[in-house]
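# Reading the structure
In case you want the letters, here they are:
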Amino acid sequence: MVLVKQVPDPNAVRFDPRAGDIQSGTPQVANEYDLHAMEAAIRIKEQQGDVEIVAVSLGQARETLNRCLAMGADRAIVVEDAALASGDSAVTAKALAAVLRAEGFDLILVGQETSDGGTGSVGPALAALLDVPVVSNVVALEQQDGRLTVQREIEDGRQVIDLAPPAILCALSGLNEPRYPSLKGIMAARRKPTEAKSAADLGLEADAVQSRVSWGALFVEEETAEGIILKDVDADSAVDQLVAFLQERKLV
Ligand SMILES: Cc1cc2nc3c(=O)[nH]c(=O)nc-3n(C[C@H](O)[C@H](O)[C@H](O)COP(=O)(O)OP(=O)(O)OC[C@H]3O[C@@H](n4cnc5c(N)ncnc54)[C@H](O)[C@@H]3O)c2cc1C
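Residues numbered from 1 in each chain as written. Predicted model: local features only at pLDDT ≥ 70, side-chain atom pairs only at ≥ 80, totals over all residues. Heavy atoms only, no water.

### Things to note about the pattern of salt bridges
What counts here: One speaks of a salt bridge when a side-chain nitrogen belonging to Lys or Arg is within 4 Å of a carboxyl oxygen belonging to Asp or Glu. Strands here are runs of E lasting at least two residues and helices are runs of H or I lasting at least four, both read from the DSSP assignment and numbered beginning at the N terminus. Note on exposure labels: buried denotes an accessible area under 20% of the residue type's maximum, exposed denotes more than 50%, and partly exposed covers the range between, all computed with a 1.4 Å probe on protein chains only.
Here the structure, examined in full by the defined rule, presents eleven salt bridges. The partner of glutamate 103 in a salt bridge is arginine 75, and the shortest N-O contact between them spans 2.7 Å. Taken together, the residues span a long stretch of sequence, with glutamate 103 in helix H4 (residues 89-103) and arginine 75 in strand E7 (residues 75-79) at a distance of 28 residues. Judged by relative accessible area, which is 27%, glutamate 103 ranks as partly exposed.

### Observations regarding the site of the ligand
To be explicit about the condition: Nearness of a residue to a molecule or strand requires only that one of the residue's heavy atoms be within 4 Å of it. Counted as a polar contact is a pair of N or O atoms within 3.5 Å, where, for protein atoms, one must be capable of donating a hydrogen and the other of accepting one, and residues adjacent in sequence contribute only when both atoms are in side chains. In short, Shrake-Rupley with a 1.4 Å probe defines the accessible areas, and a residue's cover is counted only from the protein chains shown. Asp, Glu, Lys and Arg are counted as charged, while Ala, Val, Leu, Ile, Met, Phe, Trp, Tyr, Cys and Pro are counted as nonpolar; the rest, among them Gly, fall into the polar class.
Close to the ligand lie 28 residues, the nearest being Lys5, Asp34, Gly87, Thr114 and Thr119. The backbone of serine 89 places a nitrogen or oxygen atom 3.4 Å from an oxygen atom of the ligand. Note that an oxygen atom of the ligand is positioned 2.9 Å from one of the backbone N or O atoms of glycine 111. Within the complex, the protein chains bury 84% of what would otherwise be the 940 Å² of accessible surface of the ligand. Of all the elements in the fold, those that place two or more residues in the shell around the ligand are strand E6 (54-58), H4 and strand E8 (107-111). Per-class residue counts for the shell around the ligand are nine nonpolar, 14 polar and five charged.

### A short note on a nonpolar patch on the surface
Our working rule: Put simply, a patch holds well-exposed residues, over 30% relative accessible area, that have no salt bridge, with like charges counted together within 9 Å and Val, Leu, Ile, Met, Phe, Trp or Tyr side chains within 5 Å.
On the surface, a cluster of nonpolar side chains totalling about 290 Å² of accessible area is made up of Leu183, Ile186 and Met187. Relative to the helices and strands, methionine 187 is located in helix H6 (residues 183-189). The class for methionine 187 is partly exposed, based on a relative accessible area of 40%.

### Section: unusual backbone geometry
Between proline 165 and proline 166 the backbone carries a cis peptide bond, its omega angle lying at 10°. By the secondary structure assignment, proline 166 is in the loop between strand E11 (157-163) and strand E12 (167-171). Backbone geometry at aspartate 145 places phi at a positive 50°, although glycine is not the residue there. Considering the arrangement of structural elements, one finds aspartate 145 in the loop between strand E9 (134-144) and strand E10 (147-154). The backbone of aspartate 156 sits at a positive phi, close to 65°, despite the residue not being glycine. Residue class for aspartate 156 comes out exposed when judged on its relative accessible area of 80%.

Function cannot be read off these values alone, since they describe shape.
What follows is the structure in structure tokens.
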């Protein structure tokens, strides 16, 4: 199971100060780390053969899921429900956990964090809800004889972890180079199913979809750099003061 979130394109995000949000109409893309998670799943399938890859998303994510199908996922599930659309991370994790429980899983691959919400909380929250181990900051992954050897990035180095699935792995970009969908893959994706589910389909009661955290408006901090303005001084004196200022700060 690979969890992929569709996010505003980080290269195109523009802030709308009046709306207190990013500009509407910002192009949407797959969250970068999630594509590394998807690539890791495809490589496992290429090595092992007998593997089904399911791409799962919550929210508006049809384009992203199509991309995953074109990369090599076998099918997709999208949770589309207005009641979950602006849910907090806990609601998101509960809804995704309900999908994973219903589908069953051997391995869950997620991104380390998203480029929009960026809480990095969904992977660990799923681990708690599903009672499986989680490895964060994954930058290398090998599987042999049903076991996984994972390398996680730590300060100044790497840590090697050996584990038996089921587990949740949170991918970083060092893990691999995600492939671009081939034309054959894009054509094949058209025949692969994407199943839409609602909160009711997942058996989520009203209480489970109730956010307890409310996000406020976004704003850009005002720049408060100090400045010195030399007024009513002749040019020679201004130059002397400027040179003294720079020398004092060891800038010349
Ligand atoms: C319109 C809007 C309103 C919001 N309002 C609130 C609010 O009021 N309170 C609040 O707390 N949050 C709010 N959010 C944030 C939103 O709930 C979080 O973005 C979401 O819960 C996931 O957290 P994250 O992006 O920090 O994911 P992270 O924890 O950073 O993601 C880690 C990984 O988990 C997986 N993942 C995360 N989200 C999804 C997903 N949706 N589908 C599939 N996989 C996923 C991906 O693999 C991802 O790389 C809002 C978001 C939107 C778009």
